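Below are the chains, spelled out letter by letter.
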Protein chains: 2
Amino acid sequence: MSPTPRRISTSTAVLPADGRRQNLSLVLQTLRRLGPTSRAQLAREVGVTKVTMSDLVAELIGEGRVRDVGTAEQAGPGKPATLVDLDRSGLLTLAVDLSVPARLQAAVVDVTGTVLHREERAAAVDAGQGRGLDPAVVVELVRSVLATAQHPVLGIGIGTPGLVAPDGTVRTAPNLGWTDVALRELVAEATGVPVLVTNDSDAATQAELSTSPASQDMVLVQVGRGVGCGVVSGGRLVRGAHHAAGEIGHVTVGTDGGETCSCGRAGCLETWLSVPRLRAALDAGDDPAAADSVAEVGGHRLAVALAPLVAALDLSEVVLAGPAALLEPVVPVVARSLADRLLPSLDTPLTVRLATSPEDIVLRGAAALVLWDRLGVV
Amino acid sequence: MSPTPRRISTSTAVLPADGRRQNLSLVLQTLRRLGPTSRAQLAREVGVTKVTMSDLVAELIGEGRVRDVGTAEQAGPGKPATLVDLDRSGLLTLAVDLSVPARLQAAVVDVTGTVLHREERAAAVDAGQGRGLDPAVVVELVRSVLATAQHPVLGIGIGTPGLVAPDGTVRTAPNLGWTDVALRELVAEATGVPVLVTNDSDAATQAELSTSPASQDMVLVQVGRGVGCGVVSGGRLVRGAHHAAGEIGHVTVGTDGGETCSCGRAGCLETWLSVPRLRAALDAGDDPAAADSVAEVGGHRLAVALAPLVAALDLSEVVLAGPAALLEPVVPVVARSLADRLLPSLDTPLTVRLATSPEDIVLRGAAALVLWDRLGVV
DNA sequence: TTGGTTAGTAAAGAGTACTAACTAAAGATC
DNA sequence: GATCTTTAGTTAGTACTCTTTACTAACCAA
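Residues numbered from 1 in each chain as written. Chains lettered and ligands numbered in written order. Predicted model: local features only at pLDDT ≥ 70, side-chain atom pairs only at ≥ 80, totals over all residues. Heavy atoms only, no water.

A.B. asks: Break down the sheet that holds strand E8 (residues 163–164) of chain B for me, citing the residues and quoting the values.
C.D. replies: Residue and element names in this part refer to chain B. Across the sheet, which stays open at both edges, the 3 strands sit in the order E8-E9-E10 with antiparallel pairing between neighbours. Two strands in the sheet have a free side with no partner beyond their single neighbour: E8 and strand E10 (178–181). Pairing analysis gives 2 bridges linking E8 to strand E9 (residues 170–173), with the strands arranged antiparallel. Paired with Val164 across the bridge in E9 is Val170. (Pairing = 2+ DSSP bridges. Helix = DSSP H or I, 4+ residues; strand = E, 2+ residues; numbered from the N terminus.)

Right under this line is the structure:
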């Protein structure tokens, strides 16, 4: 029983055509991972015969998703390989980042995550006065960027703060002053392009997962105005029972009270750790000890909240995303406090680090999610 | 993009034969869920044509896994259905529960989770004196029960405390005094039957998942000598980076110290909540207030530990497994404390409850895991 | 030149599920 | 009572997917 049979995870029947589609996706994924590759090599990687791989590649070339990129220099005996690769111009996506209202961004992103063209808008949001973000601003921004794309885009991915329903409606987003905004519908109707709306932390997590696919079990904590996270377990982004996974900002941390939070309760994680708080401490005095102390307390509280999560899910990585300068001093505090509160792992120890490339992390993640949704490319 | 295409989750190619196997599994799963069913109904449930379903059923009948159970009483116009059902006698498993050394259990379990025959052994384990459980006892117990099975068993499932490696080796199990015991290998060689070894909490969680398949996102907390848990996210049991998911007993809970734990640190969850502690409080005095107080404190601390997990994974259920009499008073405490520490859910509120049928929960879970591993039956 | 190795293609075959058309058996309708 | 309608299940033929086997093409090494 040890060699567990290859198990497929679906709740509906699997037809041969479904398998074919999966195999086509695998080819694209493999190409994304390896770059230009021969058909023979692809066949070995994916686990089909050369014959089948030639057929799969031919289909992808016919669709304009893959193209021939010439002959490899021979590296030994035998006929030199003819390499194929993703057709980058055929895999453009439009990514939108709404996480910072003062700096709404949209960009054309290629399959490697490179931003080809970017535009920004500034929006003033004051939820307290009932002045939310006008969705028309988002639609205009998307249209403007879409017009600059050199090739048709595969889809539009939007990373937004707040809770997003599976149908692409933003249930609630306090930072944007939104309640039940049918964002997917609005943008899709305005553009005629498929639209995917996700939470910004989930997008960031997907970006991290795509760039460093080593960690199959991790949590990415995004520190901004508030605190959110994305959880990856077994290589899959956790969605949750109500599509609200990752909303840890208003979890009470500790058993000794704390400051009163905007949500009305005391000791929420956001009251201990947030960008405004870290920045204020940095700006306030010339006393570096004060800033250190805020980082110390915030990092400790984050570790208190994360410890049960890390233990219960047996995570191997904790990643912090946000302003690097502010979070840099937090990392060792989190690492130390987590070590204090957990049994040491038998094998590889827990890694705590900053996100590999925090810039445009939401944009890249939104683009990656579109690729995943449209092509099954991880 | 809203109708997300049917996505298969594998990292290797999907051959037609893989799809076929999945579809056969789906038939078994559906029969388990619905009981005796017609081929036409199965076809509608699984999502294939009647023709294909007849073929699938014929194969399963040929293997002795499904059998004809006569004609249905006509419930309307049309030819009456000929019903088929799982052949329960052909789907026996042998389940073993090592979670309580003083009461090692093994049983023949049928596909419904009914225990057909059971045997027990008592073992004295004193890890402090280096006297661990002799694996030969387990082998003898398994052999004894196996001899009583009326039909060949599909596999042997063992639920054991401690950390289990994917190859079926028990890495460490303090309660049994075990370190690196190749349990799967030992039992497999002694019996010639496929063996699956899992953590006891994981087995219990699988049992709960099988009996009430409603909750796709839940945590089951097993309270015994220590505290362990099984996490289900998106309907899947979480394994973790080092196959150590669920080990929350030695997570520090709270920010205000606590008793010293056997692991050497202070404030571990196990120091706040455990069966010995609850029982001692119940037995100690005639003062019911004392027992209440222990349940109060233990339940509160459990909620403190679970809150970040529930929020981050957006769980919909928290299930407590263990001695019902002791845990009964803990449930409302956990529910209240969790509500205090979390933002209320927009939709269905969080459910906190006892396991539906705590008796034999590890045995049933181990059996269910064998069915899953051998047949893909959930 | 000859032999060995690797890439890629061609033809034939096995497996899977489909559609179309059938039989069987019941209730409904005239 | 005869005929229509409905549902279950089977038979025959078809399309699709991947495989095995056998081939050509192109290179290195001796």
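Structure shown, so let's carry the discussion forward.
A.B. asks: Provide a residue-level description of the pairing of strand E6 (residues 115–121) of chain B, including the pertinent values.
C.D. replies: Examined bridge by bridge, strand E5 (residues 104–109) of chain B and E6 of chain B share 6 bridges and lie antiparallel to one another. Bridged to Ala106 of chain B within E6 of chain B is Glu119 of chain B.

A.B. asks: Describe the packing of aromatic side chains, and please don't skip the residues or the numbers.
C.D. replies: The tally for this structure, following the rule as stated, stands at 0 aromatic pairs over all chains. We note Arg301 of chain A situated over the ring of Trp272 of chain A; from NZ or CZ to the ring centre the distance is 3.8 Å. (Phe/Tyr/Trp six-rings, centres within 6.5 Å; stacked < 30°, edge-to-face > 60°. Lys NZ or Arg CZ within 6 Å of the ring centre and 35° of its normal.)

A.B. asks: Help me get a handle on the pattern of salt bridges, residues and values and all.
C.D. replies: Residues and elements named next belong to chain A. Here the structure, examined in full by the defined rule, presents 38 salt bridges over all chains. When the shortest N-O distance is used, the salt bridge between Arg121 and Glu119 registers 3.4 Å. Exposure remark for Arg121: the relative accessible area of 22% places this residue in the partly exposed category. Among the salt bridges present, the one from Glu317 reaches Arg353, with a minimum N-O distance of 3.0 Å. Here the residue Glu317 occupies a position in strand E15 (residues 317–321), and Arg353 occupies one in strand E16 (residues 351–354), the gap between them amounting to 36 residues. A residue is classified by how much of its surface remains accessible, and Glu317, at 13% relative accessible area, is buried. (Salt bridge = Lys/Arg side-chain N within 4 Å of Asp/Glu carboxyl O. Buried < 20%, exposed > 50% of the residue type's maximum accessible area, 1.4 Å probe, protein only.)

A.B. asks: Tell me about the domain arrangement of chain A, and please be specific about residues and values.
C.D. replies: Residues and elements named next belong to chain A. Annotation of chain A at the domain level lists domain 1 (16–86), domain 2 (90–205 + 362–375) and domain 3 (213–355). Each of domain 1 and domain 2 was reduced to a C-alpha centroid, and the two centroids are 32 Å apart. Across the boundary between the two partners, domain 1 contributes 7 residues, which contact 7 residues of domain 2. Of the roughly 540 Å² buried where domain 1 meets domain 2, counting both sides, 60% is carbon and sulfur surface. Considering only the surface of domain 1 that becomes buried against domain 2, Arg32, Arg65 and Leu86 emerge as the three largest contributors, covering 64% of it. (Domains from an automatic or database assignment. Contact = heavy atoms within 4.5 Å. Buried area = accessible area lost by both parts, 1.4 Å probe.)

A.B. asks: Quick rundown of empty space enclosed by the protein? Include the residues and the values.
C.D. replies: Evaluation of the coordinates by the stated rule reveals 4 cavities of 30 Å³ or more. The calculated volume of the largest cavity comes to roughly 90 Å³. A breakdown of the residues in the lining of the largest cavity according to their chemical character gives 10 nonpolar, 4 polar and 2 charged. (1 Å grid on protein atoms, 1.4 Å probe; cavity = no way out; pocket = protein on both sides within 12 Å on 5 of 7 lines; lining within 4 Å. Points joined across faces, edges and corners; volume = space filled by probe spheres on them. Nonpolar A, V, L, I, M, F, W, Y, C, P; charged D, E, K, R; others polar.)

A.B. asks: Which residues make up the protein's contact with DNA strand D, and what values do they have?
C.D. replies: Contacts to DNA strand D come from 27 residues, most closely from Arg20 and Asn23 of chain A together with Lys50, Ser54 and Thr82 of chain B. Near the protein, meaning within 4 Å, the atoms of DNA strand D are sugar or phosphate in a fraction of 69%, with bases accounting for the rest. At 3.2 Å from a base nitrogen of DNA strand D is found a main-chain nitrogen or oxygen belonging to Lys79 of chain A. One nitrogen or oxygen atom from the side chain of Thr82 of chain B is found 2.4 Å from a phosphate oxygen belonging to DNA strand D. (Near = heavy atom within 4 Å. Polar contact = N/O pair within 3.5 Å; in protein donor to acceptor, adjacent residues only side chain to side chain.)

A.B. asks: Hey, could you go over the packing of helix H2 (residues 39–46) of chain A against helix H3 (residues 50–63) of chain A for me, with residue numbers and the actual values?
C.D. replies: All names here are of chain A. Running from amino to carboxyl end, H2 crosses H3 at an angle of 110 degrees, the nearest separation of the two axes being 9 Å. Between H2 and H3, the angle falls in the class roughly perpendicular. Here H2 contributes Arg39, Ala40, Leu42, Ala43 and Val46 to the contact with H3, which in turn contributes Lys50, Met53, Ser54, Val57 and Ile61. For the contact of H2 with H3, the per-class residue count stands at 7 nonpolar, 1 polar and 2 charged. (Axes fitted to C-alpha atoms, helices over the stretch in contact; angles between N-to-C directions. Parallel < 35°, antiparallel > 145°, perpendicular 65-115°, else oblique.)

A.B. asks: Could you give an account of the relation of the copies chain B and chain A, naming the residues involved and the relevant values?
C.D. replies: Mapping chain B onto chain A leaves a residual RMSD of 0.1 Å; the transformation is a rotation of 180 degrees accompanied by 0.0 Å of translation along its axis. On this basis, the relationship between the two copies can be described by a two-fold rotation axis. Comparing interface residues between copies, 100% of those in chain B also lie at the interface in chain A; the contact surface is shared. (Least-squares fit on C-alpha atoms with pLDDT ≥ 70 in both.)

A.B. asks: A description of unusual backbone geometry should follow, citing residues and the corresponding values.
C.D. replies: Phi at Asp360 of chain A is positive, roughly 60 degrees, even though this residue is not glycine. With respect to the helices, strands and loops of the structure, Asp360 of chain A is situated in the loop between E16 and helix H12 (361–375). Look at Asp180 of chain B: it is not a glycine, yet its phi comes out positive at around 50 degrees. With respect to the element layout, Asp180 of chain B can be found in strand E10.

A.B. asks: Break down helix H4 (residues 135–146) of chain A for me, with residues and values.
C.D. replies: All names here are of chain A. Compared with the 16 Å implied by 1.5 Å per residue over 12 residues, the 17 Å span of H4 between its first and last C-alpha is a close match. Considering only its buried residues, H4 is in contact with strand E4 (92–97), strand E5 (104–109), strand E6 (115–121), strand E7 (153–160), strand E10 (178–181) and helix H5 (183–191). With a side-chain oxygen lying 2.9 Å from the backbone nitrogen of Ala136, the N-terminal cap of H4 falls on Asp134. (Expected span 1.5 Å × (residues − 1).)

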